[in-house]
Structures are given as structure tokens and as C-alpha cells.
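Each chain, written out:
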Amino acid sequence: MAARTWKVESDGSTGVGQIVSRGHTRPLTEISFVQDPDTRNTLLVSSAHDKLPTIRNGETGDWIGHFEGHKGAVWSCKVDSATRTLAATASGDFSAKLWCSTTGKELYEFKHKHVVKTIEFSHDTKQIATGCQDGLMRIYDTCTPEKEPIELKVNTDADNGSYPSTPVKLLWVGENEPNSIIIGKRNGHVEKWDLRQSTDKAAASMSASLCNDKSIAICDIENNSNHNQLTVAIDKKIIFLNTNDLSIKKEYDMPKGMSFANEGGVSLHPDGSKFIAGGSDLWLREFDCNNGEVLRTFKGHHGPIRCVRYHPSGNMGASGSEDATIRLWTLKD
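Heads up: these notes are all about the structure in this document. (Residues numbered from 1 in each chain as written. Predicted model: local features only at pLDDT ≥ 70, side-chain atom pairs only at ≥ 80, totals over all residues. Heavy atoms only, no water.)

**Some thoughts on the overall build of the protein**
Working step 1: Scanning the protein from N- to C-terminus turns up zero helices and 29 strands.
Working step 2: What you see for the protein is a C-alpha radius of gyration of 18 Å, in line with the 20 Å of a compact globule of 333 residues.
Working step 3: Along the longest, intermediate and shortest principal axes, the C-alpha atoms of the protein span 60 × 45 × 35 Å.
Working step 4: Split into buried and exposed, the 333 residues of the protein put 57% on the buried side. (Helix = DSSP H or I, 4+ residues; strand = E, 2+ residues; numbered from the N terminus. Rg over C-alpha atoms; globule rule 2.2 N^0.38 Å. Buried < 20%, exposed > 50% of the residue type's maximum accessible area, 1.4 Å probe, protein only.)

Set out below in C-alpha cells:
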């Protein structure tokens, strides 16, 4: 597919260059970077309400291709970090799909019983985990996708009332804990699950409640294995958790007018010194991790920010908005 070069602008208020990608037509839901460990080249992966998850060049924002086949909003799209040859998507059409990331060909459809909100590859790419609004987490084999999945009930009977604890975000912990998954829930809880337990005995090995109001969901979670830290966006706060035991390390209130009531995101800088966050207002902000002070403000979006991520180099950040654009920001000091 032919590449497209996106408009490059300069934000007069900050002096920061930005690449504006207009490939989507509806609000963004998720973005992520995937880096090739040998070449250091990156892909920028995005999903949106327009049903067309997309891959771009992570340095330039140039369009590479998209995956066509979903009939509902796509809530999550991931490319496997081990080979970068597979992609997986989670959709509101009650399905998840496995794709060839180089050709865009659909490889398999995993049917679900409700909206699939989140999807993630294991570190070795041999498995995919999905989080569904029917209260189940499902684990599939990528080599034998037709095989029946492992189903784990993560929405307990006690939570089936006004504030269901269905999964909205999940991620594999990583190489050091290949059998552990972190789940962010609609009731403001973060849980850690050990997949070595048998299906009938599986339960969260530990849990942290991050909000007294159970109607407020976890909005975003990012895992940084180098710093053994989870970065969580919820309500009007950013909270840092220890990955091992889910204890709270730090938490910071966001500036007035900025919240994560619907969608929004947070990302920790690779060196752990700062983080970026965006939510209900139109501005992306960079904060100091030591004291929570705003270091810089980036203006340009015309709708609330729904997802953010640092580039693996730390010299760039990406934000996806309700205005259907992705902006790549130069963040060099």
C-alpha cells in the first residue's frame, strides 16, 4: 500500500513540532508503539470507532495499512512485540480477530457473547488474552486458534449488581512473570491473576481498589517492567502501583478540568522521570514523576484526548483524540 505523509504543524504556544495523522474518521480508542529490537524501527498501532484498526510508521506517522472486517467499533488493537507479524483486535461486534500484520489478512475470528473491550498478546506471542463485557477473560493459542479457549470468570457473583467488575483493560506482566495478567475493571479495581491455577480454582491473587466510588472505571493502565511499575489513569488521578504487590507508590491529582471520566490515557517516560497524560480537556500534559508538577502543555487537538503513549525512545509522544486524529509530538528537552 502506498504511504501517506501527514500534515506537520508547529504549536505556537509551546514551540513543539507535531505530526497530525488524519487516517481515522471516528474517535480513537487506543494507541501503542511496537519496536523492532534489532532495527529499532517502530510501528504505531491504533484503533477507533470507525471499525478500521490501523498501522503507521512510528517515526513519521505515515500510513502503512489497516485491517478491514469488523462490524463494530474496535476498542483495542495490538501487534505482537516478538515478531511483529501478528495483530489482534477487540471489537464491539462481539468478536476478536487475529490478523497477519504484514498483509492485513484475517487469520481467525474468535466469537464472544458480548462486547470485547481489551486484547493483549503474551510476551512470547503464543497466547492472546481478551477481556469481555460478559465478565470473562479468555486465553487463546495463536498457533491453534480453533482450540477452545481457557475461560476465567473475572466478574464475581457479588459484583453482578449495580457496579459490575467486568474487565476494561488487561495486560500480561511480561518476561519475568509470564503467567501473570493485570486486569483493570469497571468498578475501579486493579487485579493480578496467576494463570497457573486450574480454571475452576482461578482467582485474583491480589487486588487494589483505587476509587471509593465503584461506578468509576479504570481508564488506562501501562506496565513498565524496567521500573516494576504500573501507571494507572482513573477519575481525576494518576496512580503508580508496584507491579509485584499492587501497593500504591505515588498518586497525583490532575489539573482542574482534566479527568478520565470516559476515555483518556497515561504513559510513563522510558527513564521513569516523567509521564504524559490526556483526558477530558483538549490538552496533552507532561508531568514530573517526583512531584506531579506540570512540565509542559501541548495544544492542538479539537476534542478530548482518549489515549496517549510515549515512543520507546522517549523523544516523542502520541495522543489520540475524539477529533479522530493522532498527533505525534516532539518531546526532546
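**Looking at the sheet that holds strand E22 (residues 248–253)**
Working definition: the strands of a sheet are paired by backbone hydrogen bonds and lie parallel or antiparallel to each other.
Working step 1: Overall, antiparallel pairing links the four strands, which are arranged E19-E20-E21-E22 in an open sheet. Strand pairing shows two members of the sheet lacking a second neighbour, strand E19 (218–224) and E22, which therefore form its edges. The mean inter-strand angle of the sheet, taken between neighbouring strand axes irrespective of direction, is 15°.
Working step 2: Examined bridge by bridge, strand E20 (residues 229–234) and strand E21 (residues 237–242) share six bridges and lie antiparallel to one another. Bridge pairing links Thr231 to Phe240 in E21. (Pairing = 2+ DSSP bridges. Axes fitted to C-alpha atoms, helices over the stretch in contact; angles between N-to-C directions.)

**Topic: the environment of Gly58**
Working step 1: By the element assignment, Gly58 lies in the loop between strand E5 (54–57) and strand E6 (63–66).
Working step 2: With 14 residues separating them in the primary sequence, Gly58 and Leu44 have C-alpha atoms 4.6 Å apart.
Working step 3: Contacts of Gly58, omitting those with residues within four sequence positions, involve Phe33, Thr42, Leu43, Leu44, His311, Met316 and Leu328. (Contact = heavy atoms within 4.5 Å.)

**Topic: the nonpolar core**
Working step 1: With 17 residues, the main nonpolar core has Ile182, Val190, Leu210, Ile218 and Ile221 as its most contacted residues.
Working step 2: Elements with a minimum of two residues in this core: strand E15 (167–174), E19, E20 and E21.
Working step 3: Residues Met254, Met258, Leu268 and Phe287 belong to the second largest nonpolar core, which totals 14 residues. (Core = buried A, V, L, I, M, F, W, Y, C linked by side-chain atoms within 4.5 Å.)

**Digging into the environment of Trp193**
Working step 1: The topology assignment puts Trp193 in strand E17 (residues 189–194).
Working step 2: A relative accessible area of 4% means that Trp193 is categorised as buried.
Working step 3: Here Glu191 takes part through its side chain, which lies 2.9 Å from a polar atom of the side chain of Trp193. (Polar contact = N/O pair within 3.5 Å; in protein donor to acceptor, adjacent residues only side chain to side chain.)

**A look at the pairing of strand E25 (residues 284–288)**
Working step 1: Burial analysis of E25 places five of its five residues in the buried class, which makes it a mostly covered element.
Working step 2: The two faces of E25 match: Leu284, Glu286 and Asp288 on one face and Arg285 and Phe287 on the other face are all buried.
Working step 3: With four bridges connecting them, strand E24 (residues 274–278) and E25 associate as antiparallel partners. Bridging from a neighbouring strand, Ile276 pairs with Glu286 of E25.
Working step 4: Hairpin geometry of E24 and E25 is characterised by an intervening segment of five residues between the two adjacent antiparallel strands.
Working step 5: Bridge count between E25 and strand E26 (residues 294–298): four bridges; the pairing is antiparallel. Paired with Glu286 across the bridge in E26 is Arg296.

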